[in-house]
Amino acid sequence: MMAEVTMAPALFEELAAENGKRIGIATLNVEKTLNAISLEMVDLLDQQLRAWAADPQLAMVVLQAAGEKAFCAGGDLQGLYCTMLDQHATGKQEDIRSNSYACDFFEREYRLDYLIHTYSKPILAWGHGIVMGGGIGLMAGASHRVVTEKSRLAMPEITIGLYPDVGGTWFLNRMPGLVGLFLALSGASIGAADAIFARLADYQVSHAQKQGVLAALLSQPWDGRQDDVLLGRVLLDAQDQGAAAFAGAPAPLQQHFALINRLCSAPTLAEVVENIVTLATEDQWLQRGIATLAAGSPASAWLSHALQKRARHMSLAEIFRLEYVVSLHCAARTDFAEGIRALIIDKDRQPKWQPATLAAVTNDWGNGFFSDPWSEKNHPLADLI
C-alpha cells in the first residue's frame, strides 16, 4: 500500500538569470482551500524569505499561488475556531494569552507581513484571482504588486466578527479620502483598477502575460543597486502591452468616490452606518456593500472605525502590535467564533452577534479590545521597529 503523498503548503524554487544572479519563486500551494494561510505556510515563507534576504546572489522574489482561482483567500479560520471554543469553554476569556494557538498564529502571521513590508529586496506579488483578508496582508507590503483581470480583493472581516487586520489599520488609513473606512464597513470586493486606485496594487497586467514577465526578469542585468527599478520597468512594459485586457472594466470604487466620502464623513460611526444602510440605490455593488454592513457584526464595525481613528499617526510596527492585542481580544470574545460558525462551520448565515446592535456597543465595552496585558518591552512583537 502506497503512502499518501502530502504537499507542502508553500513551495520554493530558484531561477537562474542570464547574468548569474537568481530569482526566488515562492508559491502558496493549498489550491483546494484557495491557498488559505496556515501556521505551517507562515513558517515556511518566513524562513525562506529570511534566507533569500541574506543571499547576495538572490536578486528578487516572486510571490505567487497555485491554481487559477485565488492568490490567497485568508487565514486558517477553522483552526482558530476550535481553539476559541476551547478558550470559551474553560472560562479563560479574561486572559487573552490563554489561547496559545491564537497567540502563535497572529504573532507569526504579523511577523511575516511585517517582514514583507520591510524586505530588503524587491518582491513581486502576483495577486491573481481572489485576494482576501490574510491574502491582502501578504500582498500589501510587497514592493511591486500586480493585479490581473481576474483579481478580486476584499477585506470582509465584518462578516465573521473580526476586523481588517494584517496591517489593514495601516493601509486602509492611507487610501484616498474615506475609501478605507467604507471598505472595512462594507467588505466590498474590488477589481484591478480599483485596487490600484485604493493603493493596494501597483500594476494591472493580464494573467496571460505572466510567463513573458518571468522570462523578461531572467534577462535583466541585476546588480543589487537598482533591482527595484529593473523590476518596475518590466512590469510597466507588460502593463502597457496588455492594456486592452482591462478596457471598460468596472471601477465602482472610483465611480462612487464622491458619494462614499459624503456617506462616511459624518462625525459619528452611528451616522456613517445610517448613511450607508439607508442609501437608496440601484447599483448592485453598493447594494451588496449595504447588505454586508447591515448583516455584519456591530462590534466589528465599531472596531474598524475606532482603529482607524486611534492609529492615524502610528508607525507600521506600532500598528501590528496594536492589532495583535485586538485580534486576541476578538478570539476571546464571542463574535469571531460565532461569525466563523455561521459562515463556515454550520453555514446557516444566521450569526447571533453580541452586542446585537451598534447602539448597544458602548465605548467602555469597545475600549476593552485595547487592554494590553504586556508592557512595552515584553510585548511579543516588541522587536518590530
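Since the structure is predicted, the reported quantities are computational estimates derived from the model, not experimental observations.

The rules behind these values
Residues numbered from 1 in each chain as written. Predicted model: local features only at pLDDT ≥ 70, side-chain atom pairs only at ≥ 80, totals over all residues. Heavy atoms only, no water. Helix = DSSP H or I, 4+ residues; strand = E, 2+ residues; numbered from the N terminus. Buried < 20%, exposed > 50% of the residue type's maximum accessible area, 1.4 Å probe, protein only. Contact = heavy atoms within 4.5 Å. Areas by Shrake-Rupley, 256 points an atom, 1.4 Å probe, with all protein chains shown as cover. Lys, Arg positive; Asp, Glu negative; His and termini not counted. Charge placed at Lys NZ, Arg CZ, Asp CG, Glu CD. 1 Å grid on protein atoms, 1.4 Å probe; cavity = no way out; pocket = protein on both sides within 12 Å on 5 of 7 lines; lining within 4 Å. Points joined across faces, edges and corners; volume = space filled by probe spheres on them. Nonpolar A, V, L, I, M, F, W, Y, C, P; charged D, E, K, R; others polar. Pairing = 2+ DSSP bridges. Expected span 1.5 Å × (residues − 1). Phe/Tyr/Trp six-rings, centres within 6.5 Å; stacked < 30°, edge-to-face > 60°. Lys NZ or Arg CZ within 6 Å of the ring centre and 35° of its normal. Disulfide = S-S within 2.5 Å.

Points about the overall build of the protein chain
- Regarding its fold elements, the protein chain presents 17 helices and nine strands.
- In terms of overall dimensions, the protein chain has C-alpha extents of about 65 × 50 × 50 Å along its principal axes.
- The 385 residues of the protein chain split such that 55% are buried.
- Considering only contacts in the protein chain between residues 6 or more positions apart, those separated by 24 or more positions represent 73%.
- Just so you have it, the protein chain exposes about 16900 Å², and 52% of that area is on carbon and sulfur atoms.
- Positive and negative side-chain charges of the protein chain, numbering 30 and 42 respectively, have mean locations separated by a distance of 2 Å.

With respect to empty space enclosed by the protein
- For the structure shown, the criterion picks out three cavities of 30 Å³ or more.
- Considering only enclosed or pocket space, the largest cavity measures out at about 60 Å³ in volume.
- Around the largest cavity, the lining residues are Ile136, Leu153, Ala154, Met155, Phe171, Leu172, Met175, Leu183, Ala188, Ile190 and Leu200.
- Looking at side-chain class alone, the lining of the largest cavity contains eleven nonpolar, no polar and no charged residues.
- Among the secondary structure elements, those contributing two or more residues to the lining of the second largest cavity are helix H1 (39-53), strand S3 (58-65) and helix H3 (100-117).
- When grouped by side-chain class, the residues that make up the lining of the second largest cavity number seven nonpolar, no polar and no charged.

Side note on the pairing of strand S2 (residues 22-28)
- Counting buried residues along S2, six of its seven residues qualify, which places the element largely inside the surrounding structure.
- Pairing geometry for strand S1 (residues 10-16) and S2, over seven bridges, is antiparallel. Within S2, the position partnered with Leu15 by the bridge is Ile23.
- Hairpin connection, S1 to S2: the antiparallel pair is bridged by five residues, and Gly20 has positive phi, about 95 degrees.
- Bridge count between S2 and S3: seven bridges; the pairing is parallel. Paired with Gly24 across the bridge in S3 is Val61.

Observations regarding helix H15 (residues 316-332)
- With 17 residues, H15 should cover 24 Å at 1.5 Å per step; its first-to-last C-alpha distance of 24 Å lies within 8% of that length.
- Burial analysis of H15 places 16 of its 17 residues in the buried class, which makes it a mostly covered element.

Details of the sheet that holds S2
- Pairing is mixed across the open sheet formed by six strands, whose spatial order is S1-S2-S3-S5-S7-S9. Each edge of the open sheet is held by one strand with a lone partner, namely S1 and strand S9 (203-204).
- Relative to S9, strand S7 (residues 144-147) is paired through two bridges, and the arrangement is parallel. Bridge pairing in S9 places Val146 opposite Tyr203.

Focus on the packing of aromatic side chains
- Within the structure shown, the criterion is met by eleven aromatic pairs.
- Plain terms: the ring middles of Phe182 and Trp285 are 5.8 Å apart, the flat faces sit at 40 degrees to each other, and that makes the pair tilted. Linking Phe182 in helix H6 (residues 179-186) with Trp285 in helix H13 (residues 284-295), this pair joins segments that are 103 residues apart in sequence.
- Given the relative accessible area of 2%, Phe182 is considered buried.
- Ring plane angle 85 degrees and centroid distance 5.4 Å describe the contact between Phe197 and Phe257, whose orientation is recorded as edge-to-face. One end of the pair, Phe197, is in helix H7 (residues 192-197); the other, Phe257, is in helix H11 (residues 257-264), with 60 residues separating them in the sequence.
- What makes Phe257 partly exposed here is its relative accessible area of 25%.
- The lysine or arginine in question, Arg333, covers the ring of Trp365, its NZ or CZ lying 4.4 Å from the ring centre.

Looking at the side chain of Gln209
- Within the element layout of this structure, Gln209 appears in the loop between S9 and helix H8 (210-218).
- Overall, Gln209 belongs to the buried group, its relative accessible area being 16%.
- Each residue touching Gln209, except ones within four places of it in the same chain, is listed here: Ala238, Gln241 and Gly242.

What to know about the state of the cysteines
- Scanning the model with the defined rule gives zero disulfides in all.
- As a non-bridged cysteine, Cys103 has Cys330 as the owner of its nearest cysteine sulfur, 13 Å distant.
- Judged by relative accessible area, Cys330 falls into the buried class, the value being 3%.

Some thoughts on the layout of surface pockets
- What the largest pocket holds in volume is close to 760 Å³.
- As for the largest pocket, its lining consists of 33 residues, of which Ala73, Gly74, Gly75, Leu77 and Ile344 are closest to the centre.
- Going through the elements one at a time, helix H2 (77-89), H3, strand S6 (130-132) and helix H16 (335-345) are the ones with two or more residues in the lining of the largest pocket.
- For the lining of the largest pocket, a count of residues per class yields 19 nonpolar, eight polar and six charged.
- Empty space within the second largest pocket amounts to approximately 280 Å³.
- Every residue lining the second largest pocket is counted, 13 residues in all, and those nearest its centre are Leu269, Ala270, Trp302, His305 and Asn363.
- At the level of secondary structure, the elements contributing two or more residues to the lining of the second largest pocket comprise helix H12 (269-277), helix H14 (298-310) and helix H17 (363-367).
- Considering every element that reaches the lining of the second largest pocket, the biggest residue donor is H14, with four residues.
- Here the lining of the second largest pocket is built from residues that sort into eight nonpolar, four polar and one charged.

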